[in-house]
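Coordinate inspection notes
As a plain string of letters, each chain reads:
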Amino acid sequence: MRRWLSPLRLAAAGAILLVVVFVYLVTQNSDKLLEVPDKAHSLAGLISVPGSTRQKDGGGVYYVDVLLQKASLLQASFKTFRPEGADLIPQQAFVPSGLSYSQQLKVDQETMKVSQTKASVVALRALGLKFPAREGGVRVGALNSDSKAKGILQPQDIVVEADGRPVHTSLDLFNALSRHRPGDVVRIGVLRNGKRLNFRIRTIADSLDPHRPLIGFAPIEVVKTKLPVPVKFDLGRDVGGPSAGLAFALEVMEQKGRDIDHGLRIAATGEIQLDGSVTSIGGVKQKTIGARQAHVDAFLVPVDGDNAKVAKRYAHGLRIIPVKNFQQALRALATLPRKA
């Protein structure tokens, strides 16, 4: 026993056990996600408009995003092993209950397309072009597995009314649902293949907020317009969500010959609406760090929510410009001091 339980053998066995445990913690994923900063990306070459006369003055418009990674058990347990600036979030914060990770990624790609359309409308209108554009309801994306709307609503249905009130945007639907409690029945009017249908659907509780009622589907806004100038986006399939809308609109104007950046490197974030308002987004901490990593001259962020407050906390010398709408963003950029 003394020979087999010698200090050297015990130490070796302990070291092997620690290695096994460490490898397990590193290789096994937890049920958490990491929001990781990503260096801001230039939009030059990613957006094209016919007859582009973009200024070549060393400046540029940059969009910011957040990398989402599945956290290992080690990263979930110990902050030391997480990338710099990363935050640990529950998977439900990104993937609603009942949706798969791949389904949510697809939804985010769809919402980004809507954001691109809104940005194009806002930018072209700011250039003086007149054409109709309006919100046309909320399209049903993937349905949650626990939704009472399964078997009633279908993907591609467009919700246009809730409790007798018109639904033009996701906010309209949210406001209608906010008058209810989970388990209440809401009256929904939808368009399906051009035909109007009406349903009564029992709401469910939000997995992140049990007091908040949901119908239980991923909402994708519908924008009805025909752009007078074709605008093409090529950001790849790894980018999703609506938060780059402000940056997209600025770059479209640059492409049409309006000198927006004045030779400066400008990063921007914020969901843009058809009326030009800029609304709050998530991941502001990581996006601010990403803007810093790209060494931009200024970072435009929404005033809405606490976005501007969080951005200033992590700016570390980066100039933060809070904006409420697109016109305010243009005015702020026009008054920025030029580079010597």
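What counts, and at which threshold
The residue count restarts for each chain, going from 1 along the sequence in the order it is written. At least 70 in pLDDT is required for a residue's local features to be given in this predicted model, at least 80 for side-chain atom pairs to be given and counted, and no such filter applies to totals for whole chains, interfaces and linings, which use all residues. The side-chain figures draw on all heavy atoms in the structure; neither hydrogens nor water molecules are used. In this description a helix means any DSSP run of H or I spanning at least four residues, a strand means any run of E spanning at least two, and both kinds are numbered starting from the N terminus. Each residue is placed in one exposure class: buried if its accessible area under a 1.4 Å probe, protein chains only, is under 20% of its type's maximum, exposed if it is over 50%, and partly exposed if it falls in between. The contact rule is simple, with two residues in contact once any of their heavy atoms fall within 4.5 Å. When the centres of two rings from Phe, Tyr and Trp lie within 6.5 Å, Trp using its six-membered ring, the rings pair. Their planes under 30 degrees apart give stacked, over 60 give edge-to-face, and anything left gives tilted. Put simply, a charge is over a ring when the Lys NZ or the Arg CZ is close to the ring centre, within 6 Å, and near the line of the ring normal, within 35 degrees. Axis definition: a line fitted to C-alpha atoms, over the contacting stretch in the case of helices. Angles run 0 to 180 degrees between N-to-C directions. In this scheme, roughly parallel covers angles under 35 degrees and roughly antiparallel covers those over 145, while 65 to 115 is roughly perpendicular and the rest are oblique. Each helix crossing is assigned a hand: it is left-handed if the near helix lies turned anticlockwise from the far helix by less than a right angle, otherwise right-handed if that turn is clockwise. Note that Gly is not counted as nonpolar here; it falls among the polar residues with everything else outside the nonpolar set of Ala, Val, Leu, Ile, Met, Phe, Trp, Tyr, Cys and Pro and the charged set of Asp, Glu, Lys and Arg. Any two strands between which DSSP finds at least two bridges are classified as paired. We call a set of buried residues a nonpolar core when its members are Ala, Val, Leu, Ile, Met, Phe, Trp, Tyr or Cys and they connect through side-chain atoms within 4.5 Å of each other. Throughout this description, a polar contact denotes any pair of N or O atoms lying within 3.5 Å of each other; where both atoms belong to protein, one of them has to be capable of donating a hydrogen while the other can accept it, and for residues adjacent in sequence the pair is counted only when both atoms sit in side chains. Nonpolar side chains (Val, Leu, Ile, Met, Phe, Trp, Tyr) within 5 Å and like charges within 9 Å form the patches, drawn only from residues with over 30% relative accessible area and no salt bridge. Residue burial considers only the protein chains on display, and all accessible areas are found by Shrake-Rupley using a 1.4 Å probe. The term salt bridge refers to a side-chain nitrogen of Lys or Arg lying within 4 Å of a carboxyl oxygen of Asp or Glu. Working convention for charge: Lys and Arg count positive, Asp and Glu count negative, and His plus the chain ends are omitted. A charged residue contributes its charge at one atom only: NZ of Lys, CZ of Arg, CG of Asp or CD of Glu.

Attention shifts here to the overall build of the chain. Within the chain, the secondary structure is distributed over 8 helices and 20 strands. For the chain, the residues scored as buried account for 46% of the 340 residues in total. Contacts in the chain between residues far apart in sequence, at least 24 positions, make up 72% of those at least 6 positions apart.

A full pass over the atoms with the stated rule returns 2 aromatic pairs. Stacked on the ring of Phe-131, the Lys or Arg Arg-125 has its end atom at 5.5 Å from the ring centre.

Once that is clear, we can look at the packing of helix H3 (residues 101-126) against helix H5 (residues 245-255). At their nearest, the axes of H3 and H5 sit 8 Å apart, and the two run at 45° to each other. Between H3 and H5, the angle falls in the class oblique. When the axes of H3 and H5 are compared, the crossing they make is right-handed. Where H3 abuts H5, its residues Met-112, Ser-115, Gln-116, Ala-119, Ala-123, Leu-124 and Ala-126 lie against Gly-245, Phe-248, Ala-249, Val-252 and Met-253. Here the residues of the contact of H3 with H5 are counted per class, giving 9 nonpolar, 3 polar and no charged.

As for its position among the elements, Val-49 is in the loop between strand S3 (47-48) and strand S4 (60-63). Along the sequence, Val-49 and Phe-233 sit 184 residues apart, while their C-alpha atoms lie 9.2 Å from each other.

Bringing H5 into the picture now. Across the 11 residues that make up H5, a large majority, 11, are buried. Just beyond H5, the residue with positive phi is Gly-257, at close to 95°.

Right, let's talk about the sheet that holds strand S19 (residues 298-302) for a bit. Taken in spatial order, the 5 strands make up an open sheet running S2-S4-S16-S19-S20, and their pairing is mixed. Looking at the sheet topology across the chains shown, the edges are occupied by strand S2 (41-42) and strand S20 (319-323). Across the sheet, H5 is in contact with S4, strand S16 (265-268), S19 and S20; its angle to S4 comes to roughly 155°. Packing against the sheet, helix H8 (residues 326-334) makes contact with S16, S19 and S20, and its axis sits at approximately 150° to S20.

Our next topic: the nonpolar core. A general trend in soluble globular proteins is that nonpolar side chains are found buried together. Counting 49 residues, the largest nonpolar core has Leu-246, Phe-248, Leu-250, Leu-300 and Phe-326 as its most contacted members. Among the elements that make up this core, the one with the highest residue count is H3 (8 residues). Once you skip the residues sitting within four places of it in the chain, Leu-250 turns out to touch Val-61, Ile-260, Ala-268, Leu-300, Phe-326, Leu-330 and Leu-333.

On to the side chain of Thr-111. Structurally, Thr-111 can be placed in helix H3. Among the polar contacts made by the side chain of Thr-111, one reaches the main-chain carbonyl oxygen of Asp-108 at a distance of 2.8 Å. Apart from residues lying up to four places away in sequence, Thr-111 is in contact with Pro-219, Ile-220, Gly-241 and Pro-242.

Attention shifts here to helix H6 (residues 284-293). In terms of burial, H6 is a largely internal element, 8 of the 10 residues being buried. Regarding H6, the residues found buried are Val-284, Lys-285, Gln-286, Lys-287, Thr-288, Ile-289, Gly-290 and Ala-291. Where H6 terminates, the next one or two residues include His-295, which has phi positive at roughly 55°.

What follows deals with a positive patch on the surface. On the surface, a cluster of positive charge is contributed by Lys-148, Arg-165, Arg-179, Arg-187, Arg-200 and Arg-202. Mapped onto the elements of the fold, Lys-148 is located in the loop between strand S7 (133-143) and strand S8 (158-162).

As far as function goes, none of this settles anything; it's purely spatial.
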